[in-house]
Amino acid sequence: MRWLKGLLLAAILLVVLLLGILFAVNNQQALPLNLIWVELPPASLSLWLLVALAFGVLLGMLAMTGVYLRLRTLLTRAQRHNQQQRKELDRLRIQEFKEIP
């Protein structure tokens, strides 16, 4: 089953890669990018879209950093609390065996 999942993932990756190459080949015309306050030099449309994609991915990762750190902190606290509860349970079990005559 694991090899089937890997094969399916590889096929999807290959299709996406081929579509990306096809898109880049068909969009070679140079276009200047006007960002209202500055006009960037002409470059291919595919390059501008790849730059926008990379910028969006980085911005999304930066936006999720706070959530990730908060969840990581909550997980660490829960693991610490769980460890304390296990120690208390072990202590109570040992105490119960000592009380039995």
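Within every chain, residues take consecutive numbers counted from 1 along the sequence as written. The model is predicted, so local features are restricted to residues of pLDDT at least 70 and side-chain atom pairs to those at 80 or more, both for listing and for counting; the totals for chains, interfaces and linings are taken over all residues. With hydrogens and water stripped out, all remaining heavy atoms of the structure feed into the side-chain values.

**Structural notes on the overall build of the protein**
Here comes step 1: Within the protein, the regular secondary structure consists of two helices and two strands.
Here comes step 2: Helix and strand assignments come from DSSP, with helices taken as H or I runs of at least 4 residues and strands as E runs of at least 2, each series counted from the N terminus. In sequence order, the secondary structure elements of the protein are arranged as α-β-β-α.
Here comes step 3: Radius of gyration here is computed from C-alpha atoms only, and the compact-globule reference equals 2.2 Å multiplied by the residue count raised to the power 0.38. In terms of C-alpha radius of gyration, the protein reaches 28 Å, well past the compact-globule figure of 13 Å for 101 residues.
Here comes step 4: In the protein, buried positions account for 5% of the 101 residues.
Here comes step 5: Entry remark: accessible area of the protein is about 9500 Å², with carbon and sulfur atoms responsible for 72%.
Here comes step 6: We treat Lys and Arg as the positive residues and Asp and Glu as the negative residues; His and chain ends play no part in the count. Throughout, a charge is located at the NZ atom of Lys, the CZ atom of Arg, the CG atom of Asp or the CD atom of Glu. Counting 11 positive and 5 negative side-chain charges, the protein places the averaged centre of each group 5 Å from the other. Throughout this description, buried means an accessible area under 20% of the type-specific maximum (1.4 Å probe, protein chains only), exposed means over 50%, and partly exposed covers the range between. Using the Shrake-Rupley algorithm and a 1.4 Å probe, accessible areas are obtained, with residue cover drawn only from the displayed protein chains.

**Looking at a nonpolar patch on the surface**
Here comes step 1: Patches were defined on residues exceeding 30% relative accessible area and lacking a salt bridge, with like-charge contacts within 9 Å and nonpolar side-chain contacts (Val, Leu, Ile, Met, Phe, Trp, Tyr) within 5 Å. By convention in these notes, a salt bridge is any Lys or Arg side-chain nitrogen within 4 Å of a carboxyl oxygen on Asp or Glu. A surface patch of nonpolar side chains, about 490 Å² in accessible area, is lined by L14, L17, L18, I21 and V25.
Here comes step 2: Within the secondary structure, L17 sits in helix 1 (residues 2-26).
Here comes step 3: Assessed through its relative accessible area of 52%, L17 is described here as exposed.

**What about the pattern of salt bridges?**
Here comes step 1: A full pass over the atoms with the stated rule returns one salt bridge.
Here comes step 2: A salt bridge links R91 to E88; its shortest N-O distance comes to 2.5 Å. Placement of the pair is R91 and E88 together in helix 2 (residues 45-99), with a separation of three residues, close to one helical turn.
Here comes step 3: Looking at R91, the relative accessible area reads 44%, which means it is partly exposed.

**Structural notes on the UniProt feature "domain: Lipopolysaccharide assembly protein A" (unreviewed entry) in the protein**
Here comes step 1: UniProt positions are given in the numbering used here, feature names are shortened, and annotations may be inferred rather than shown by experiment. Within this numbering scheme, the UniProt entry marks residues 26-90 as carrying the feature "domain: Lipopolysaccharide assembly protein A" (unreviewed entry).
Here comes step 2: Along residues 26-90, the helical share is 72% and the strand share 17%, with 68 Å between the first and last C-alpha atoms.

**A word on the side chain of S44**
Here comes step 1: Positionally, S44 belongs in strand 2 (residues 39-44).
Here comes step 2: Among the residues examined, S44 registers a relative accessible area of 17% and is labelled buried.

**Some thoughts on the UniProt feature "transmembrane region" (unreviewed entry) in the protein**
Here comes step 1: The sites that carry the UniProt feature "transmembrane region" (unreviewed entry) are, in the present numbering, residues 48-71.
Here comes step 2: The span residues 48-71 is 100% helix and 0% strand, and its two end C-alpha atoms sit 35 Å from each other.

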